[in-house]
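Close look at the chain arrangement
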Amino acid sequence: MNIPANLKYTKDHEWVSIDGDIATVGITDFAQKELGDIVYVEVETLDQTLAKDEVFGTVEAVKTVSDLFLPLSGEIIEFNEELETTPEAVNSDAYGAGWMVKVKLSDASEIDSLLSSEEYKELIGA
């Protein structure tokens with residue numbers, strides 16, 4: 001199971017990469033395996049400011065639809081438009097081409113509430 005040590009994680013199986021006051025968010029390798037073949041990613045919150053844990057979009061797999069929860073409060077400033085035509089990138093490259101949104105953080109102190117790679121491994125029993 002791929003769980004990069006340089007990222008932060010949530011109990012909702014999202015990963016977060018922090019660069020200054022910008023967070024890049026996607027779903028983990030574990031989450032994409034649990035969901036199966038991803039056929040659609042929807043984010044209708046572009047340019048909106050959301051609070052931590054609010055739903056920012058959905059991911060649709062062959063058998064299910066799951067909400068995506070924002071791991072940190074802030075403004076959704078970018079959506080990975082490549083996912084509109086190639087949603088399967090979430091399956092093949094969850095931590096790279098499969099990223100979903102970029103968020104301009106409004107409260108950097110929330111980063112402390114995220115899980116380390118070791119804590120996430122414990123959560124999923126890896």
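Residues numbered from 1 in each chain as written. Predicted model: local features only at pLDDT ≥ 70, side-chain atom pairs only at ≥ 80, totals over all residues. Heavy atoms only, no water.

Describing the sheet that holds strand β3 (residues 22-27)
The strands making up a sheet are joined through hydrogen bonds of the backbone, oriented either antiparallel or parallel. Reading across from one edge, β1-β2-β3-β9-β8-β5 is the order of the six strands in this open sheet, with antiparallel pairing throughout. The sheet is open, and its two borders are formed by β1 (8-9) and β5 (49-50), each paired with just one other strand. With six bridges joining them, strand β2 (residues 14-19) and β3 adopt antiparallel strand pairing. When the sheet's bridge partners are listed, E14 is paired in β3 with I27. (Pairing = 2+ DSSP bridges. Helix = DSSP H or I, 4+ residues; strand = E, 2+ residues; numbered from the N terminus.)

Things to note about the packing of aromatic side chains
By convention here, two paired aromatic rings are described through the distance between centres and the angle between planes. Counted under the stated rule, the structure contains two aromatic pairs. Between Y9 and Y120, the aromatic rings sit 4.9 Å apart at their centres with planes inclined by 15°, giving stacked as the arrangement. A residue pair is termed long-range when its members are at least 10 positions apart, and Y9 in strand β1 and Y120 in helix α4 (residues 117-124) qualify at 111 residues. Exposure remark for Y9: the relative accessible area of 0% places this residue in the buried category. Of note, K102 hangs over the ring of W99, and the distance from its end group to the ring centre comes to 5.1 Å. (Phe/Tyr/Trp six-rings, centres within 6.5 Å; stacked < 30°, edge-to-face > 60°. Buried < 20%, exposed > 50% of the residue type's maximum accessible area, 1.4 Å probe, protein only. Lys NZ or Arg CZ within 6 Å of the ring centre and 35° of its normal.)

Let's talk about the UniProt feature "modified residue: N6-lipoyllysine" (unreviewed entry) in the chain
The positions that UniProt labels "modified residue: N6-lipoyllysine" (unreviewed entry) are, in the present scheme, K63. In this fold, K63 is placed in the loop between β6 (55-61) and β7 (65-69). Look at K63 and you get exposed, because its relative accessible area is 80%. (UniProt positions renumbered as here; feature names shortened; annotations may be inferred.)

Re the side chain of E14
As for its position among the elements, E14 is in strand β2. Buried and unpaired, E14 has no salt bridge, with K52 as the nearest side chain of opposite charge at 9.2 Å. Separated by 2.9 Å, the side chain of E14 and the backbone nitrogen of F69 make a polar contact. (Lys, Arg positive; Asp, Glu negative; His and termini not counted. Salt bridge = Lys/Arg side-chain N within 4 Å of Asp/Glu carboxyl O. Polar contact = N/O pair within 3.5 Å; in protein donor to acceptor, adjacent residues only side chain to side chain.)

Remarks on the sheet that holds β7
An order of β4-β6-β7 is seen for the three strands of this open sheet, with the pairing classed as antiparallel. The sheet is open, and its two edges are formed by β4 (38-42) and β7, each paired on a single side. The average undirected angle you get between the axes of adjacent strands in this sheet is 25°. By the bridge criterion, four bridges tie β4 to β6 in an arrangement that is antiparallel. Paired with E42 across the bridge in β6 is T58. (Axes fitted to C-alpha atoms, helices over the stretch in contact; angles between N-to-C directions.)

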